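What follows is each chain in one-letter form.
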Amino acid sequence: MSVPVTEERYNPFTGRRIVDGVDDPTPTAASMGLEPPRFCEQCGRRMIVQVSPDGWWAKCSRHGVVDSIDAARR
């Protein structure tokens, strides 16, 4: 009998694990698209973030780079 594997997800703005039924509000600036993610959605680790006039990129040491172009934010 195999146990279903559930992939944990983390809030990219607070770093908290996403749990069904538990409210974790997204900061207003982030919900408006004005703030880049600060935490990795896959592991919850703090990321290195670089903001420029035309966008941003964020790098997790384990999961690589997320770019505002990839997130359709530029």
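All chains use their own residue numbering, which begins from 1 and follows the written sequence. Local features in this predicted model are restricted to residues of pLDDT 70 or higher, and side-chain atom pairs are both shown and tallied only at a pLDDT of 80 or more, whereas totals for entire chains, interfaces and linings draw on every residue. As a rule here, side-chain values cover all heavy atoms of the structure and leave hydrogens and water aside.

Another point: the overall build of the protein. Helix numbering and strand numbering both begin at the N terminus, where a helix is a DSSP run of H or I of at least 4 residues and a strand a DSSP run of E of at least 2. When its secondary structure is counted, the protein shows 1 helix and 3 strands. Walking the protein from its N terminus toward its C terminus, one meets helices and strands in the order α-β-β-β. Buried, partly exposed and exposed residues are distinguished by accessible area as a fraction of the type maximum, computed with a 1.4 Å probe on protein chains only: under 20%, between the cut-offs, and over 50%, respectively. Counting the 74 residues in the protein, one finds 26% classified as buried. By sequence separation, contacts in the protein at least 24 residues apart represent 22% of the contacts at least 6 residues apart. Each accessible area value is a Shrake-Rupley result obtained with a 1.4 Å probe; residue values ignore everything except the protein chains displayed when judging cover. As presented, the protein carries roughly 5,700 Å² of accessible surface, and 51% of it is formed by carbon and sulfur atoms. What makes two residues a contact is simply this: any of their non-hydrogen atoms within 4.5 Å.

Next up on the list: the sheet that holds strand β1 (residues 48–52). In space, the 3 strands of this open sheet follow the order β1-β2-β3, with antiparallel pairing throughout. Because the sheet does not close on itself, it has two edges, and the strands there are β1 and β3 (64–67). Mean inter-strand twist for the sheet, computed between neighbouring axes without regard to direction, equals 15 degrees. Two strands pair when backbone bridges link them, and β1 and strand β2 (residues 55–60) are joined in this way by 5 bridges, in the antiparallel orientation. Following DSSP output, two strands are said to pair if at least two bridges run between them. Here, axes are lines fitted to C-alpha atoms. For helices the fit covers the stretch in contact, and angles between N-to-C directions go from 0 to 180 degrees.

The next point concerns the pattern of salt bridges. We define a salt bridge as a contact between a side-chain nitrogen of Lys or Arg and a carboxyl oxygen of Asp or Glu at a distance within 4 Å. Tallied over the entire structure, the rule returns 3 salt bridges. Between Arg38 and Glu35 there is a salt bridge, with the nearest N and O atoms lying 2.7 Å from each other. In this structure Glu35 comes out as partly exposed when scored by relative accessible area, which is 29%. One salt-bridge network, held together by shared partners, links Glu7, Arg9 and Glu41.

Take the environment of Val19 next. When you line up the elements, Val19 lands in the segment before α1 (28–31). Here Val19 falls in the partly exposed class, since its relative accessible area comes to 33%. Taking the C-alpha atoms as reference, Val19 lies 8.7 Å from Glu8; in sequence the two are 11 residues apart.

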